[in-house]
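Descriptive structure summary
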Amino acid sequence: MNRNCKKFLALMCGAMLIISGCGGKNEELVGSDAEPESSTETIEADISATAGSVEQEEAPAKEEVQPETEAEEASDTEAESSDKEQSEAKSENEAEAGEALTSLPQYEYPDKDSVFYAVNKHLVEVVAAEYEKSDVSIPVVREVAIDESNPEDVIVYGDFDIYNYDLDGDTLMTASGGNYPGAMHLKKTENGYEVTSFDVCEDGSAWNASAKKIFGEYFDRFMEIQPDDENRQKVRIDTIAQYVEANNLPIKQYQDFGWDPVMITETD
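Residues numbered from 1 in each chain as written. Predicted model: local features only at pLDDT ≥ 70, side-chain atom pairs only at ≥ 80, totals over all residues. Heavy atoms only, no water.

Our next topic: the pairing of strand S1 (residues 136-147). S1 sits mainly inside the fold: nine of its twelve residues count as buried. In this structure, S1 lies alongside strand S2 (residues 154-168), joined through eleven bridges in antiparallel fashion. Following the sheet pairing, Ala145 is matched in S2 by Tyr157. (Buried < 20%, exposed > 50% of the residue type's maximum accessible area, 1.4 Å probe, protein only. Helix = DSSP H or I, 4+ residues; strand = E, 2+ residues; numbered from the N terminus. Pairing = 2+ DSSP bridges.)

In structure tokens, the structure reads:
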């Protein structure tokens, strides 16, 4: 081999060593195996943007909760105000009812054309006047018999009671009263009936003899009715109930001195 060929081979070997990178030194990756700085920055920006988006989406939820809380508070306030107004209105109504009941209407028998209208009126206006004045006088009439054979002298035989009451809240408190068994004489007029006289059984030992004289043939019937206290109470309750209903009064019971109150039932 001549000198020129040897030089050519030596140059070729040197070139191959340079190209192959002889030496084995570790170097940073480049090209497609390395992560570009611009790609890292883009990922960090995406994460930041995503976090901001989540925060923006959560914010309206907080704003929506607040109005619901305020609405509930407003509703509670309105309910309390309504309850207060209703309570005040109820108190005013009760006060007005109390004022309206400072005086009670006079008792009247419901049928003005009946003979018993005049009978009850006499008990209320004449017999009750013998007692100290009360808020209202309500009679109890238990009929024994009626004799209408003479229009100028209609006789009503019966057991008659008068009860005088004072009002205490929704209760009629018995102030006074009495029992008047006997015969009431009436005459018929253009305006109804008018009481002309009232025969009453005498007190004490003369009671039985006077009762026989007044009631005559109706004495036995009278003696069946007069001692029946259960029937007396029933008629009393019914009469008060009719009075209360007719005048639209908030009275619920009556009470005799020393006794428990008696409830007034509705009339049929």
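From this point, the narrative continues.
So, about helix H4 (residues 207-215). The complete set of buried residues in H4 reads Ser210, Ala211, Ile214 and Phe215. The arc that holds every buried residue of H4, seen down its axis, measures 115°, which confines them to one face. Every exposed residue of H4 that faces more than 90 degrees away from the buried side is listed here: Ala209 and Lys213. As for H4, its buried residues are in contact with S1, S2, strand S3 (171-189), strand S4 (192-200) and helix H5 (219-225). Following H4 by one or two positions, Gly216 adopts a phi angle in the positive range, close to 55°. (Arc of directions from axis to C-beta. Contact = heavy atoms within 4.5 Å.)

On to the side chain of Thr239. In this fold, Thr239 is placed in helix H6 (residues 229-246). The exposure class assigned to Thr239 is buried, which follows from its relative accessible area of 9%. From its side chain, Thr239 meets the backbone oxygen of Val235 in a polar contact 2.7 Å long. Those residues within four positions of Thr239 in sequence are excluded, and the remaining contacts are Tyr107, Ile138 and Pro139. (Polar contact = N/O pair within 3.5 Å; in protein donor to acceptor, adjacent residues only side chain to side chain.)

The next subject is the confidence of the model for the protein chain. Across the protein chain, the average pLDDT comes to 78, with 61% of residues at 70 or higher. Segment residues 17-67: pLDDT under 50, and three contacts once partners within four positions in sequence are set aside and those in other chains are kept. (pLDDT = per-residue confidence, 0-100.)

Our focus in this paragraph is the pattern of salt bridges. Using the criterion set out here, one finds seven salt bridges in the structure. A salt bridge links Asp159 to Arg142; the shortest N-O distance between them is 2.6 Å. With Asp159 in strand S2 and Arg142 in strand S1, this pair connects stretches of sequence that are 17 residues apart. Residue Asp159 is classed as buried on the basis of its relative accessible area, which comes to 0%. On the basis of relative accessible area, Arg142 is assigned to the buried category, the value being 3%. As a salt-bridge pair, Asp161 and Arg232 come within 2.7 Å of each other at their nearest N and O atoms. Taken together, the residues Asp161 in strand S2 and Arg232 in helix H6 connect sequence positions 71 residues apart. Grouping residues by exposure puts Asp161 and Arg232 together as buried. One network of salt bridges, with partners in common, ties together Arg142, Asp159, Asp161, Asp229 and Arg232. (Salt bridge = Lys/Arg side-chain N within 4 Å of Asp/Glu carboxyl O.)

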